Amino acid sequence: MPEVANVMDRLVSLAKRRGFVFQSSEIYGGLGSVWDYGPLGVELKKNIKERWWRSMVHERDDIEGLDAAILMHPKVWEASGHLAGFTDPLVDCRQCKNRFRSDDPRIKGSPGQPDAQCPVCGSKGTLTAPRMFNLMFKTFMGPVEDAAAVVYLRPETAQGIYVNYVNVLQSSRQKIPFGIAQVGKAFRNEITPGNFTFRTREFEQMEMQFFVKPGTDQEWFEFWREERMKWLLGLGIRSERLRFHRHTPEELAHYAKDAYDIQYEFPFGWQEFEGIHNRTNFDLSRHQEASGKKLEYLDPATTERFIPYVVETSAGADRTALVVMVDAYHEEEVGGEKRVVLRFHPAIAPLKAAVFPLVNKDGMPELSRRIFDDLRKRHNVFYDDGGSIGRRYRRQDEAGTPFGITIDGQSTQDGTVTVRERDTLRQVRVAADGLAGYLAERLRG
Ligand code: GAP
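Since the structure is predicted, the reported quantities are computational estimates derived from the model, not experimental observations.

Looking at the overall build of the chain
Move 1: Each helix and strand in the chain was counted, giving 13 helices and 23 strands.
Move 2: Across its three principal axes, the chain shows a C-alpha extent of roughly 75 × 65 × 50 Å.
Move 3: For the chain, restricting intrachain contacts to residue pairs at least 6 apart in sequence, the fraction spanning at least 24 positions comes to 64%.
Move 4: Where the 62 positive side-chain charges of the chain centre and where its 63 negative ones centre are 2 Å apart.

Focus on the sheet that holds strand β16 (residues 309-316)
Move 1: Read from one edge to the other, the open sheet built from seven strands follows the order β3-β9-β10-β16-β13-β12-β11, with strand pairing classed as mixed. Strands with a single pairing partner mark the edges of an open sheet, and in this sheet they are β3 (63-66) and β11 (242-246). Taking each pair of neighbouring strands and ignoring which way they run, the sheet shows an average axis angle of 25 degrees.
Move 2: Against the sheet, helix α7 (residues 217-234) contacts β3, β10 (202-212), β11, β12 (258-266), β13 (269-280) and β16, and its axis sits at roughly 150 degrees relative to β13.

Remarks on the packing of helix α2 (residues 39-58) against α7
Move 1: Between α2 and α7, the shortest axis-to-axis distance is 12 Å and the interhelical angle comes to 140 degrees. The orientation of α2 relative to α7 falls into the category oblique. As α2 runs across α7, the sense of the crossing is right-handed. Of α7, the residues touching α2 (which contributes Ile48, Arg51, Trp52, Ser55 and Met56) are Trp224, Arg228, Trp231 and Gly234.

A short note on the site of the ligand
Move 1: Surrounding the ligand, one finds 20 residues, the nearest of these being Glu156, Glu190, Thr200, Glu207 and Glu272.
Move 2: For the ligand, a nitrogen atom lies 2.8 Å from a polar atom in the backbone of Thr200.
Move 3: Bound to the protein, the ligand loses 93% of the 550 Å² it would expose on its own.
Move 4: At the level of elements, β10, β13 and β16 are the ones that each hand at least two residues to the shell around the ligand.
Move 5: Sorting elements by how many residues they give to the shell around the ligand places β13 first, with five residues.
Move 6: Each residue belonging to the shell around the ligand can be placed in one class, and the counts come to five nonpolar, five polar and ten charged.

Topic: the packing of aromatic side chains
Move 1: Within the structure shown, the criterion is met by 21 aromatic pairs.
Move 2: Where Tyr162 meets Phe211, the ring centres are 6.5 Å apart and the plane angle is 90 degrees; that geometry is what we call edge-to-face. Within this pair, whereas Tyr162 is found in helix α5 (residues 158-162), its partner Phe211 is found in strand β10, the two being separated by 49 residues in sequence. Of the two residues examined, Tyr162 and Phe211, each falls in the buried class.

Some thoughts on the nonpolar core
Move 1: Counting residues in each nonpolar core, the largest one holds 56 residues, and the members touching the most others are Phe20, Trp224 and Phe344.
Move 2: Excluding its chain neighbours within four sequence positions, the residues that come into contact with Phe344 are Phe20, Leu44, Val324, Met325, Ala328, Ala349, Pro350, Ala399, Gly400 and Arg422.
Move 3: Core analysis: the second largest hydrophobic core is formed by 21 residues, Val355, Ile371, Tyr383 and Val417 among them.

Focus: unusual backbone geometry
Move 1: That bond from Ile176 to Pro177 is cis: its omega, 10 degrees, falls within 30 degrees of zero.
Move 2: Here Pro177 is to be found in the loop between α6 (165-172) and β9 (178-187).
Move 3: Backbone geometry places Thr280, a non-glycine residue, at a positive phi of 50 degrees.
Move 4: When you line up the elements, Thr280 lands in strand β13.

Remarks on the sheet that holds strand β22 (residues 416-421)
The strands making up a sheet associate through backbone hydrogen bonding, with each pair oriented either parallel or antiparallel.
Move 1: Taken in spatial order, the five strands make up an open sheet running β20-β19-β21-β22-β23, and their pairing is mixed. Each having just a single partner strand, β20 (381-383) and β23 (427-431) make up the two edges of the open sheet. Strand-to-strand twist of the sheet, defined as the mean angle between neighbouring strand axes without regard to direction, takes the value 25 degrees.
Move 2: Relative to β20, strand β19 (residues 353-357) is paired through three bridges, and the arrangement is parallel. By the bridge assignment, Ala353 is partnered in β20 with Val381.

Concerning the state of the cysteines
Move 1: Summed over the entire model, instances satisfying the criterion amount to zero disulfides.
Move 2: Unpaired in terms of disulfides, Cys93 finds its nearest cysteine sulfur in Cys96, a separation of 3.7 Å.
Move 3: By relative accessible area, which is 2% here, Cys93 ends up buried.
Move 4: No disulfide involves Cys118; its nearest neighbouring cysteine sulfur is the one of Cys93, lying 3.7 Å away.

Some points on the pattern of salt bridges
Move 1: All told, the structure shown has 40 salt bridges when counted by the stated rule.
Move 2: We note a salt bridge from Arg279 to Asp283, for which the minimum N-O separation is 3.0 Å.
Move 3: Arg279 sits in the buried class, given a relative accessible area of 0%.
Move 4: The partner of Arg395 in a salt bridge is Asp384, and the shortest N-O contact between them spans 2.9 Å. On the criterion of sequence distance, the pair formed by Arg395 in helix α11 (residues 389-399) and Asp384 in the loop between β20 and α11 is long-range, its members being eleven residues apart.
Move 5: What makes Asp384 buried here is its relative accessible area of 7%.
Move 6: When salt bridges that share partners are traced, they join Glu332, Arg339, Arg343, Arg394, Asp397, Arg420, Arg422 and Asp423 into one network.

Reading the values: rules and limits
Residues numbered from 1 in each chain as written. Predicted model: local features only at pLDDT ≥ 70, side-chain atom pairs only at ≥ 80, totals over all residues. Heavy atoms only, no water. Helix = DSSP H or I, 4+ residues; strand = E, 2+ residues; numbered from the N terminus. Contact = heavy atoms within 4.5 Å. Lys, Arg positive; Asp, Glu negative; His and termini not counted. Charge placed at Lys NZ, Arg CZ, Asp CG, Glu CD. Pairing = 2+ DSSP bridges. Axes fitted to C-alpha atoms, helices over the stretch in contact; angles between N-to-C directions. Parallel < 35°, antiparallel > 145°, perpendicular 65-115°, else oblique. Left-handed = near helix turned anticlockwise from the far one by under 90°. Near = heavy atom within 4 Å. Polar contact = N/O pair within 3.5 Å; in protein donor to acceptor, adjacent residues only side chain to side chain. Areas by Shrake-Rupley, 256 points an atom, 1.4 Å probe, with all protein chains shown as cover. Nonpolar A, V, L, I, M, F, W, Y, C, P; charged D, E, K, R; others polar. Phe/Tyr/Trp six-rings, centres within 6.5 Å; stacked < 30°, edge-to-face > 60°. Buried < 20%, exposed > 50% of the residue type's maximum accessible area, 1.4 Å probe, protein only. Core = buried A, V, L, I, M, F, W, Y, C linked by side-chain atoms within 4.5 Å. Disulfide = S-S within 2.5 Å. Salt bridge = Lys/Arg side-chain N within 4 Å of Asp/Glu carboxyl O.

Next up, the structure:
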């Protein structure tokens, strides 16, 4: 599928060229499936995380925020089942020493059998039988590197929420149903990472655990499924490229009773980037049992005691950013010339506007600078006085900047400027004094 490869290749190349995403430690040859966000990428991801936080925490009365540490007591992972169950089946090629997931679609035949063929070196019969491989990264706490000092880098942020559930409940005076939201790093030693930032070994999650009375879980599960889809549509992602996928019994995680993925149609196929899970009381029960601490809820209305059920919404910030970039990426022809444009929703665009003096004389730079200094107090804006105006527009199209503000000869006479809209290419004259209001109105939502 050369066309598929090309679209992703061109996006990856744009991402590097324009400062969205760089390979980690690139000058040393790169580190496998670890990525860094450049000046534009960090703004895009931050805007997505902030928008998520606003809708989950600030705009709701029934969700509280949390920022738990990455390192947790190792017993957390024993109780949560990750130590025993967070595994992938792994096979090695004895010939070329590469490692694969046993269900890697590139493998021909059954690993461990003489007919199985290594997808890298092509040798037959050199793939080992599958063995289970735990995806958690291990490290040591303190100066002694022995078994007693082992700690793990969290593979999901959710557990930090469960172990703090009572702390948050008591300190916030919430009542069930209520939720706890968290954004933070997670780590997985993925065997077959790839597709740019889609599957990486270090990534950020935006997770929310909603604690409900058993018996009401199905209703909340449906509620959150719809809410999350609405939120994604509100980011401007094309609806025809979004769909739900309900997990089959074989796909369900060890903690889940029911689960839906939200999938996006990437150039490499439909893939999950967010999940809504009914985790029942699995995690809280396991932590109650393992810690010996009561994690029951006393319903003040009925004096009933129960361990709450949990409906989880779990999104990857990096994967959502990738969805946003892929969805925004357009190549088109304008006036006989090719233009590459990232049509980000203005609210999450890294730069909101760029300010251009048409030429660097006749009072235009001074006025442009004044306008720029005023706008930068409110928005992330960019000043560009280099090259032809056409080239400057193109650069901002590639950065996904929704508005271009040009200060020309007329501006110095009558105080109006030209605003060019990235998507429609429409140009309107606006009073420089009214620019802040003009932008604020269009950046909202
Ligand atoms: N707490 C539940 C949980 O972690 P998950 O389906 O394993 O569920 C949730 O992960 C989300 O985290 C995924 O939909 C994806 O967006 C993101 N994610 C998981 N593994 C990832 C990886 N290796 N690289 C990038 N994002 C990942």
